[in-house]
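Overview (structure and organization)
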Amino acid sequence: MSVYTHLSEDEFFAFCGLYGVNFKNAIPIVQGVKNSNWFIQTTTDADDDFSYVFTLYEERVPADIEKMATIMHALKDKLPIAAPLVKRTVKGVNIGADCVMRYENKAILVVPKLSGKHPVITDEAMCEQMGCALATLHDTLKTLQPAEDYGVPLYDWARVKERETAFMPIDEARLMNDIWAAYENLPKDLPKGLCHLDLFADNTLWDLDAARLTGLLDFTEVSVEHYLMDIAITINDFCTTWGNASDGESVYFDEKKKTALIAGYQSVRPLTADEQDALPIMLAYAATIFWLLRLNVIYYNREQGRTGDDIMVKNPDLMKRLASYHWGQVNP
C-alpha cells in the first residue's frame with residue numbers, strides 16, 4: 001500500500017530482528033491507500049525475491065491490530081492466510097498481543113509472503129471460488145465470540161456523506177442519497193457476523209495458471225456487519241471490469257460472474273430469502289461506501305499534505321458509475 005511513514009534501515013533491522021527475521025532490504029509497496037507496507041528481503045533471499053511483508057498501520061490503533069492478528073490465526077487452517085509472525089519475546093497473554101510491535105504508537109505486523117499474483121482479469125470459476133472462500137470465512141469466524149470483541153468499529157460513513165454531498169453536483173448527491181435511503185429501509189435483522197469488508201481482487205493472490213486461490217490479504221477492516229454487505233463488496237470488484245484512461249475509464253459489470261460468486265457462497269452458507277431480496281440494493285450501497293471511501297482519502301491527503309510518488313489514490317468516479325449501474329437495476 002502507499003508509504004506514509006518512512007523507516008530507516010536500522011529501524012527495519014531492529015524490528016525484523018524481534019521476529020527472528022534476518023533483514024537485508026525493504027522495498028516499498030505502493031498499491032492501496034491506507035497503510036505503509038514494504039516487502040522484506042532477508043539475507044538468504046535472492047536479489048529479486050523477498051520472504052515477508054512488513055506493515056505499519058497508519059489509522060487503526062494497536063488494539064485493533066491485535067484483534068486482527070487473532071482473527072488471522074483463527075482462519076489460517078481453513079483458508080490461505082499468512083498468519084502474522086509471533087515475537088521472540090512473547091508474554092503469552094494472547095496471540096494478537098504476541099504478534100504486534102509498535103512504532104510511535106502505530107502497530108507493526110510482519111507476515112510471511114504468500115505465493116501467487118493479484119488477478120488483473122477474473123472469470124466465473126474464480127468468482128465461484130471467492131464466494132466459497134468468503135462463506136468459509138464467515139462461518140469460521142463465528143467461533144470468535146462475542147463477535148463485537150474482535151471486530152473494529154465501523155467507520156462513520158454518514159458523516160462523510162454529509163460532508164461530500166454538500167459539494168457534489170445535484171445529480172450525484174441525489175444518487176447517493178437515494179441509495180442511502182433504500183439501504184436504510186432494508187430489513188434490520190439480516191444475518192450479521194465478522195466480515196472482511198475489503199475483499200477486492202488486489203487483496204487476493206492466485207496461481208493464475210491453475211486459477212487457484214492462494215491468498216487472502218488485508219484484514220484491517222474486519223468488523224461486525226451484515227454478511228450481505230461483505231458479499232456485495234466482493235461481488236462489486238470481482239465481477240466488474242474496470243477501465244483505464246485509454247478507454248475512458250469504463251465500468252462493466254458482469255452478471256454471470258455475480259451468479260457464479262453467489263453460487264459458490266451458497267455452497268457453504270445459503271442466503272436467506274431476505275438476503276436474496278436485499279442484494280440489488282446492497283450492491284448499490286456497497287459501491288456508494290467505496291465511492292465515499294475514495295473521496296475521504298482525497299480529503300485527508302489534501303488536509304494532511306500527503307503528496308509524492310509513494311501515494312496512490314483510486315478514482316472515486318469508477319465507484320460512482322458502478323453505484324449508478326446497480327441503482328438502475330433497482331429502479332429501471
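Up top you'll find the structure we're talking about.
Keep in mind it's a predicted model, so treat the numbers as computed, not measured.

A few words now on the overall build of the protein. In terms of regular secondary structure, the protein is built from ten helices and eleven strands. For the protein, whose C-alpha radius of gyration is 20 Å, the value lies close to the compact-globule estimate of 20 Å for 332 residues. Counting only C-alpha atoms, the protein reaches 60 × 45 × 40 Å along its principal axes. For the protein, restricting intrachain contacts to residue pairs at least 6 apart in sequence, the fraction spanning at least 24 positions comes to 73%. Across the protein, 31 positive and 48 negative side-chain charges occur, with their mean positions spaced 2 Å apart.

Take T89: it is sitting in the loop between α2 (62–75) and α3 (95–99). Distance in space between the C-alpha atoms of T89 and Y4 is 28 Å, their sequence separation being 85 residues.

Let us look at α2. If you check α2, its first and last C-alpha atoms are 20 Å apart, about what 14 residues at 1.5 Å a residue would give, namely 20 Å. Across the 14 residues of α2, ten count as buried, placing the element largely inside the fold. Listed in full, the buried residues belonging to α2 are P62, D64, I65, M68, A69, T70, I71, M72, H73 and L75. In this structure, the buried residues of α2 make contact with α3, β4 (101–103), β5 (106–112) and α4 (124–140).

Glancing now at unusual backbone geometry. Residue P146 follows Q145 across a cis peptide bond; omega there is -10 degrees. Take P146: it is sitting in the loop between α4 and α5 (157–165). Phi angles above zero are rare outside glycine, and N105 is one such case at about 60 degrees. In this structure, N105 sits in the loop between β4 and β5. A relative accessible area of 54% means that N105 is categorised as exposed. You will see that D218, though not glycine, has its phi angle at about 55 degrees, which is positive. Its location among the elements puts D218 in the loop between β8 (212–216) and β9 (223–226).

Okay, the pairing of β8 next. Along β8, four of the five residues are buried, which leaves the element largely enclosed by surrounding structure. Inspection of the sheet shows strand β7 (residues 204–207) paired to β8 by four bridges, in the antiparallel sense. In the sheet register, L205 faces β8, and the bridge partner there is G215. Taken together, β7 and the strand that follows it, β8, pair antiparallel across an intervening segment of four residues, in which A211 is found at a positive phi of about 50 degrees.

Along strand β3 (residues 52–56), four of the five residues are buried, which leaves the element largely enclosed by surrounding structure. Note: β3 against β5, five bridges, orientation antiparallel. Each residue of the ladder has a partner; that of V53, found in β5, is V111.

Now for the packing of aromatic side chains. Inspection of the entire model under this criterion finds 13 aromatic pairs. With a centroid separation of 6.1 Å and an interplanar angle of 75 degrees, the aromatic rings of F15 and Y103 are classed as edge-to-face. Of this pair, F15 sits in helix α1 (residues 9–18) while Y103 sits in strand β4, and the two are 88 residues apart along the sequence. Centroid distance W38 to F54: 5.7 Å. Interplanar angle 80 degrees. Geometry classified as edge-to-face. With a gap of 16 residues between them, W38 in strand β2 (residues 36–42) and F54 in strand β3 connect regions that are remote in the sequence.

Rules of the game
Residues numbered from 1 in each chain as written. Predicted model: local features only at pLDDT ≥ 70, side-chain atom pairs only at ≥ 80, totals over all residues. Heavy atoms only, no water. Helix = DSSP H or I, 4+ residues; strand = E, 2+ residues; numbered from the N terminus. Rg over C-alpha atoms; globule rule 2.2 N^0.38 Å. Contact = heavy atoms within 4.5 Å. Lys, Arg positive; Asp, Glu negative; His and termini not counted. Charge placed at Lys NZ, Arg CZ, Asp CG, Glu CD. Expected span 1.5 Å × (residues − 1). Buried < 20%, exposed > 50% of the residue type's maximum accessible area, 1.4 Å probe, protein only. Pairing = 2+ DSSP bridges. Phe/Tyr/Trp six-rings, centres within 6.5 Å; stacked < 30°, edge-to-face > 60°.

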